[in-house]
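# Descriptive structure summary
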Amino acid sequence: MKKITNYPKLSIKTNQISFSMNDVLIIGTVAFDTIETPFGKVEKALGGSAAYASFAASLFSKPALISVVGNDFPKEHIKLMKKKSINIEGLQITGKTFHWDGFYEYDMNEAKTRKTELNSLEHFKAEVPENYKDIKYIFLANIDPEQQLGVLRQMSKPKFVVLDTMNFWINSKKKSVIDAVKKADVLLLNDAEARQLFGTANLVNAANQALRLGPKAVIIKKGEHGALLFTKNKHFNAPGYPLENIKDPTGCGDSFGGAFIGYLAKTKDLSESNFRKAVVYGSVVASHNAEDFGLNRLKRLTMNDIEKRYREFQDIREF
Ligand code: AMP
């Protein structure tokens, strides 16, 4: 098993020392995605929950990644991650890269899985590099919940933990998913996953069950229809952005989560009102992500694009 060690812990500028410490840790999958939508198809494109999440988080903060890929993983993908200033010291390389093959029909809110080839993910054991252990903001993106819990056990003192999961893990490892929910500050789910995990058709009921397990907030993503934020006594509802050009919604949940935690790590404000702004930044980045296949849109996305759409979100809400 190879590890990539390339990342400078300190960057020294002229006569002062400036720390370029990572402020968000992201564990999740880095994948080859084969995706078919009514608007086209890509084969074995760079994807995975941690890839989308770290590209999105890198727009706001300095993410450090934990994941695994195979020996078949192209060098240009590694180069691209480095270019986005993503710390990949925690990326293990062994066996064959995880491959997800899925498709969407005209209802783009629901991904249908054709094939999940776990490959190197099957025997993956997440190891937290020494210089990641003090990172305070942690995104447990979609991956085996036992690995999510393993990462948390290795951290010295996490301050803020966001958890995501999906039907695959709720079906196969529900108990571990619930254990991970108990350790999270914020639980992120889409509406179908919330219904599945809490055995109810009612999203308010699902959110309240989740809050009783420990998280301070639950975010239920409703695809192009926006996102709901539930805290103990409050409820916020971010609109969906009226996108005319949707090509591929893969990774919208992950990029929502990456932008959400990236923005909070940058502002270091965990108040309910700042959560609302983070939800809107998450929605902005996710809506951009759906405009092109795979990571194509996030690769080019700039802070100007984000701020422009953030203002449009504010306008949509004014009445
Ligand atoms: P999203 O569209 O945000 O729900 O996530 C899409 C990403 O999830 C794709 O890039 C897939 O590679 C990744 N993915 C698919 N199945 C799994 C799985 N079982 N565990 C973790 N990640 C997965």
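### As for the site of the ligand
- Lining the immediate surroundings of the ligand are 17 residues, of which Asp33, Gly48, Trp169, Gly251 and Asp254 lie closest.
- Within the backbone of glycine 48, a nitrogen or oxygen atom sits 2.7 Å from an oxygen atom of the ligand.
- Asparagine 142 has a polar side-chain atom sitting 3.3 Å from a nitrogen atom of the ligand.
- Burial of the ligand by the protein amounts to 89% of the accessible area it has alone, namely 500 Å².
- Among the elements that make up the shell around the ligand, the one with the highest residue count is helix H8 (residues 252-267) (3 residues).
- Its residues placed into classes, the shell around the ligand shows 8 nonpolar, 7 polar and 2 charged.

### Brief notes about a positive patch on the surface
- Positive charge collects at one region of the surface, where Lys62, Lys136, Lys157, Lys159 and Lys268 lie side by side.
- Mapping lysine 268 onto the fold places it in the loop between H8 and helix H9 (272-289).

### Brief notes about helix H2 (residues 75-83)
- Those residues of H2 that fall on the buried side of the exposure criterion are His77, Ile78, Leu80 and Met81. Down the axis of H2, the buried side of the element spans an arc of 160°, and every buried residue falls inside it. Set apart from the buried face of H2 by more than 90 degrees, the exposed residues are Lys75, Glu76, Lys79 and Lys83.
- Turning to H2, the residues buried within the fold contact strand E5 (31-37), strand E6 (40-47), helix H1 (49-57), strand E7 (63-69), strand E8 (87-93) and helix H10 (296-300).

Reading guide: rules and limits
- Residues numbered from 1 in each chain as written.
- Predicted model: local features only at pLDDT ≥ 70, side-chain atom pairs only at ≥ 80, totals over all residues.
- Heavy atoms only, no water.
- Near = heavy atom within 4 Å.
- Polar contact = N/O pair within 3.5 Å; in protein donor to acceptor, adjacent residues only side chain to side chain.
- Areas by Shrake-Rupley, 256 points an atom, 1.4 Å probe, with all protein chains shown as cover.
- Helix = DSSP H or I, 4+ residues; strand = E, 2+ residues; numbered from the N terminus.
- Nonpolar A, V, L, I, M, F, W, Y, C, P; charged D, E, K, R; others polar.
- Patch = residues over 30% accessible without salt bridge, like charges linked within 9 Å, V, L, I, M, F, W, Y side chains within 5 Å.
- Salt bridge = Lys/Arg side-chain N within 4 Å of Asp/Glu carboxyl O.
- Lys, Arg positive; Asp, Glu negative; His and termini not counted.
- Charge placed at Lys NZ, Arg CZ, Asp CG, Glu CD.
- Buried < 20%, exposed > 50% of the residue type's maximum accessible area, 1.4 Å probe, protein only.
- Arc of directions from axis to C-beta.
- Contact = heavy atoms within 4.5 Å.

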